[in-house]
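# Observations on chain architecture
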Amino acid sequence: MSRIFKQKEVIIKPKLFCPDSPPTKIVYNQNEPAKIILENNEVVWGSCLNCPDTPCLKYQEDELKNDAFPLFPQDNTLNVCPTEAITLDADSGSPTIDPSRCIACGICVSRCPSGAIYFKEQVVPPFSLSGKREETVAIVNTESNKYIREIEHDNQHDILNKLDSNKKLLKSLPREGAFVQETDELFRNIYSKITNISVDAQFPNLLTRNLLIQTGISCSIRRKGDVNLRMDAVLGPPGTSSGVLEVELAPIGILDSPRNMLDNIAVLHSRYNTDTKNLTPLIVSMSLPNSRTEYYRVINDINNVLNIKINTLTIGAFFIFVWNNVLLNFNKSSFYVDSEQLSIRDYVIKELGREINLSEGFYSILETEK
Ligand code: SF4
Ligand code: SF4
């Protein structure tokens, strides 16, 4: 059973954000909650509204729907946080984050309508003998502001309507800025934490699914232990008409991914009658494989013989997209790498509209190591 649902009963007292002047946008920055900018130029810190549906903790079932593959036997886990770092505090009804489990993916931050969750450098246990360790992790701002009101007595129907329209208004606001600035040091910590954290076997697929959903692509992952299905997941609108996913976070396993992808495409075509011409094949790994491996030659061969272009993206690239509120559209963008094209840096720059602050070859997140 997940940590989220193991807790004692929590009484949530939802709140409304009711400023005097209409909100116009939300601006993110690291080390402080998001700023909500009002039409009269007043600035208000984003703060927790104790949402009854806790979008920072769990997806609604319809958010896991995939119109391209409605019958795919998917894992329906609703968990937002892939490491179960975020839970509800039974006394306050607000979420709380265990910094020792937070890998700074930004998924919960991107789902909070009021910008209450932000990244901050914090001292994180366990402390080493050489001193305290500081890491960038997510934290929830629960400090109220003058425009946050507890809901007064009302009938249940009116309460739900008010909460719904308040959330819709906040979600519709344009979002600017980044949750955190990417740096070599930040990724060194994150990649080390992902490698060492104790997680469920479904972690790679769950992390990738949630990163895809937050970047605008429906993703259905196969159930844990389902040996009848070969593919890790299938993808759907709005970010692609349809797609298939291989997730391989281990450095050795990634080398088999192009061949596995070919297998997946054949299965989708022959058993599910999928139109493979418009299918987005995507491999997600921690790092791009070394340039001397077979990986790129197999991708070349598949493209030359079958005219199928396999996309490759790294977990690090996805983190950068989520931190910057980027929505992907595979119908317009390509992340194709092969033996002639050993970098995804330009593709990522195109999506972000700016340069990336990551050294060349660093952990092979954007290009293969020299
Ligand atoms: S942190 Fe954000 S999403 Fe979570 S309950 Fe508070 S306001 Fe809602
Ligand atoms: S940033 Fe990611 S790992 Fe950290 S609490 Fe949020 S969802 Fe969990």
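The rules behind the values
Residues numbered from 1 in each chain as written. Chains lettered and ligands numbered in written order. Predicted model: local features only at pLDDT ≥ 70, side-chain atom pairs only at ≥ 80, totals over all residues. Heavy atoms only, no water. Near = heavy atom within 4 Å. Nonpolar A, V, L, I, M, F, W, Y, C, P; charged D, E, K, R; others polar. Domains from an automatic or database assignment. Contact = heavy atoms within 4.5 Å. Buried area = accessible area lost by both parts, 1.4 Å probe. Salt bridge = Lys/Arg side-chain N within 4 Å of Asp/Glu carboxyl O. Polar contact = N/O pair within 3.5 Å; in protein donor to acceptor, adjacent residues only side chain to side chain. Helix = DSSP H or I, 4+ residues; strand = E, 2+ residues; numbered from the N terminus. Buried < 20%, exposed > 50% of the residue type's maximum accessible area, 1.4 Å probe, protein only. Pairing = 2+ DSSP bridges. Axes fitted to C-alpha atoms, helices over the stretch in contact; angles between N-to-C directions.

### A short note on the site of ligand 2
- In the neighbourhood of ligand 2, the contacting residues comprise C81, T83, A85, I97, C102, I103, A104, C105, G106, C108 and A138.
- Of the residues assigned to the shell around ligand 2, the class counts are nine nonpolar, two polar and no charged.

### A short note on the site of ligand 1
- For ligand 1, the full set of nearby residues is C48, L49, N50, C51, P55, C56, P95, C112, P113, S114, I117 and V140.
- For the shell around ligand 1, the residue count by class is ten nonpolar, two polar and no charged.

### With respect to the domain arrangement of the protein chain
- Per the domain assignment, the segments of the protein chain are domain 1 (3-177) and domain 2 (201-364).
- Here the C-alpha centroids of domain 1 and domain 2 sit 28 Å apart.
- Each partner contributes to the interface: domain 1 provides 29 residues, whereas domain 2 provides 34 residues.
- Across the domain 1 to domain 2 interface the summed buried area is about 2,400 Å²; carbon plus sulfur atoms make up 61%.
- When the buried surface of domain 1 facing domain 2 is broken down by residue, F69, F72 and D75 rank first, second and third, together holding 26% of it.
- Joining domain 1 to domain 2, the criterion identifies zero salt bridges.
- Put simply, domain 1 and domain 2 have twelve residue pairs in polar contact (both at pLDDT 80 or more) between them.
- When residues of the side of domain 1 that touches domain 2 are assigned to their parent elements, the largest contribution, three residues, is made by helix α1 (residues 107-111).
- Classifying every residue of the side of domain 1 that touches domain 2 by side-chain character gives 15 nonpolar, eight polar and six charged.

### Brief notes about the side chain of N50
- Position of N50 among the secondary structure elements: in the loop between β4 (43-45) and β5 (86-88).
- Note on N50: relative accessible area 3%, which makes it buried.
- From its side chain, N50 meets the backbone oxygen of K13 in a polar contact 3.3 Å long.
- A distance of 3.0 Å separates the side chain of N50 from the side chain of S94, its partner in a polar contact.
- Beyond its immediate chain neighbours, meaning those up to four positions away, N50 contacts I12, K13, P14, K15, S92, G93 and S94.

### A closer look at the pattern of salt bridges
- As enumerated under the stated definition, the model contains 15 salt bridges in all.
- E294 is the salt-bridge partner of R259, the closest N and O atoms lying 3.5 Å from each other. Here R259 is found in helix α5 (residues 257-272), whereas its partner E294 is found in helix α6 (residues 294-306), with 35 residues between them in sequence.
- For E294, a relative accessible area of 40% puts it in the partly exposed group.

### Details of the sheet that holds strand β11 (residues 218-221)
- Strand order in the open sheet made by the five strands is β11-β12-β13-β14-β15, with mixed pairing throughout. A strand with exactly one partner marks an edge of an open sheet, and here the two such strands are β11 and β15 (311-314). Along the sheet, successive strands turn relative to each other by an average axial angle of 25°, direction set aside.
- In the sheet, β11 pairs with strand β12 (residues 233-236) via four bridges, with the strands oriented antiparallel. Its bridge partner lying in β12, I221 is registered against A233.
- Here helix α4 (residues 203-214) sits on the sheet and contacts β11, β12, β13 (242-248) and β14 (279-285); the angle it forms with β11, its principal contact strand, is near 165°.

### Things to note about helix α7 (residues 315-323)
- Judged by how many residues are buried, α7 sits mostly within the fold: nine of nine residues are covered.
- All of the buried residues along α7 are I315, G316, A317, F318, F319, I320, F321, V322 and W323.
- Downstream of α7 by a residue or two, N325 has a phi angle that is positive, lying close to 55°.

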